[in-house]
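Here is how the chains run, residue by residue.
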Amino acid sequence: MSTLTSLFAALVERLAELLQPLFATTATAAAIVLFTALVRLAVHPLSRAAARGQKARTRLAPQLAALRKKHAKNPERLKKAILDLHAKEKVSPFAGIMPSLLQAPAFLLMYHLFAGDRMAGHALFAAPLGDRWADALSHGGPFGPAGQVYLVLFALVTAVAAFSYRHSKRQLAAQPLDLGQPTPGAGAITKVMPLLSFATLITVAVVPLAAALYVVTSTAWTVVERAFLFRTPKEGASGGAVATRA
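Owing to the predicted nature of the structure, the values given are computational and were not obtained by experimental measurement.

Right, let's get into the pattern of salt bridges. Inspection of the entire model under this criterion finds three salt bridges. In this structure, Arg40 engages Glu225 in a salt bridge whose closest nitrogen and oxygen atoms are separated by 3.3 Å. Residue Arg40 is located in helix α2 (residues 27-42), and its partner Glu225 is located in helix α10 (residues 209-229); the two are separated by 185 residues in the primary sequence. Comparing Arg40 with Glu225, the two get one shared label, buried. When the shortest N-O distance is used, the salt bridge between Lys80 and Asp84 registers 3.0 Å. With Lys80 and Asp84 both in helix α4 (residues 75-89) and four residues apart, the pair spans about one turn of that helix. Assessed through its relative accessible area of 53%, Lys80 is described here as exposed.

Written as structure tokens, this is what we have:
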């Protein structure tokens, strides 16, 4: 981990040097944003694989529900029927899960890098990258020079979270959550899940600013990426419909 962290840190520092003519004293902050975007771009194929797996599970959900109802009193028969269905449809029961798990080490490594002391000594305008929101509040308050940087970040996170909330609501309405079997409180889970988008506000408030920039960039990327990968058939087919009429 330390070797990879040092390698990533060296790459960020080199990137900051290249961005210095454009961003001056905020070059390191710009390098964090750009480097995070490049890493997310590198793991985008895994995101696409995860999306395909999730869509496959959603597509099979009605058939799986019918099998559970049919073989409710025979677990062994149910298990065999589900495996046969997955084999027939050429869908792995773990489709979408493994790609997501493979992304986790990269994200943890990035967070470890930007939450550490390696980014200390650099700043985003008046806010040191190694400081937290509490430090900004103790030096000028919420409207002080450093506090204003956080206000902009909070506004950006709120905008991204609001977009994610609306998209999640639409996606859950079009593709209801399938927990595999009737589950008490499933309706409450469906209502709460979109609200988790706003949890990033808490993260940004408590982690060092360098890590907050990573979190904001990665979260914004995730929201846009999921909106693209999980666009509804109406959105995805509109272009084709227009072309057909033309």
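Next, the rest of the story.
Right, let's talk about the packing of aromatic side chains for a bit. Counted according to the given criterion, the structure contains five aromatic pairs. Residues Phe114 and Tyr214 carry aromatic rings whose centres are separated by 6.1 Å and whose planes lie at 35° to one another, so their mutual orientation is tilted. In this pair, Phe114 sits in helix α5 (residues 97-115) while Tyr214 sits in helix α10, placing the two residues 100 residues apart along the sequence. For Phe114, a relative accessible area of 0% translates into the label buried. Ring centres of Tyr150 and Phe154 lie 6.1 Å apart, and the angle between their planes is 45°; this geometry places the pair in the tilted category. Placement of the pair is Tyr150 and Phe154 together in helix α7 (residues 145-174), with a separation of four residues, close to one helical turn. The pair formed by Tyr150 and Phe154 is uniform in burial state, with each residue classed as buried.

So, on to helix α1 (residues 2-23). Of all the bends in α1, the greatest, near 35°, is centred on Glu17, and the proline Pro21 appears no more than four residues after it. Among the residues making up α1, those that are buried are Thr5, Phe8, Ala9, Val12, Leu15, Ala16 and Leu19.

A few words on the nonpolar core. Formed by 39 residues in total, the largest nonpolar core has its most connected members in Val12, Ile32, Phe35, Phe114, Met119, Leu129 and Leu209. At the level of elements, α1, α2, α5, α7, α9 (200-206) and α10 are the ones that each hand at least two residues to this core. Apart from residues no more than four positions distant in its own chain, Met119 is found in contact with Val12, Thr28, Ile32, Leu113, Phe114, Leu129, Gly130 and Ala210.

Rules behind the numbers
- Residues numbered from 1 in each chain as written.
- Predicted model: local features only at pLDDT ≥ 70, side-chain atom pairs only at ≥ 80, totals over all residues.
- Heavy atoms only, no water.
- Salt bridge = Lys/Arg side-chain N within 4 Å of Asp/Glu carboxyl O.
- Helix = DSSP H or I, 4+ residues; strand = E, 2+ residues; numbered from the N terminus.
- Buried < 20%, exposed > 50% of the residue type's maximum accessible area, 1.4 Å probe, protein only.
- Phe/Tyr/Trp six-rings, centres within 6.5 Å; stacked < 30°, edge-to-face > 60°.
- Bend = angle between axes of the 7 residues up to and from the residue.
- Core = buried A, V, L, I, M, F, W, Y, C linked by side-chain atoms within 4.5 Å.
- Contact = heavy atoms within 4.5 Å.

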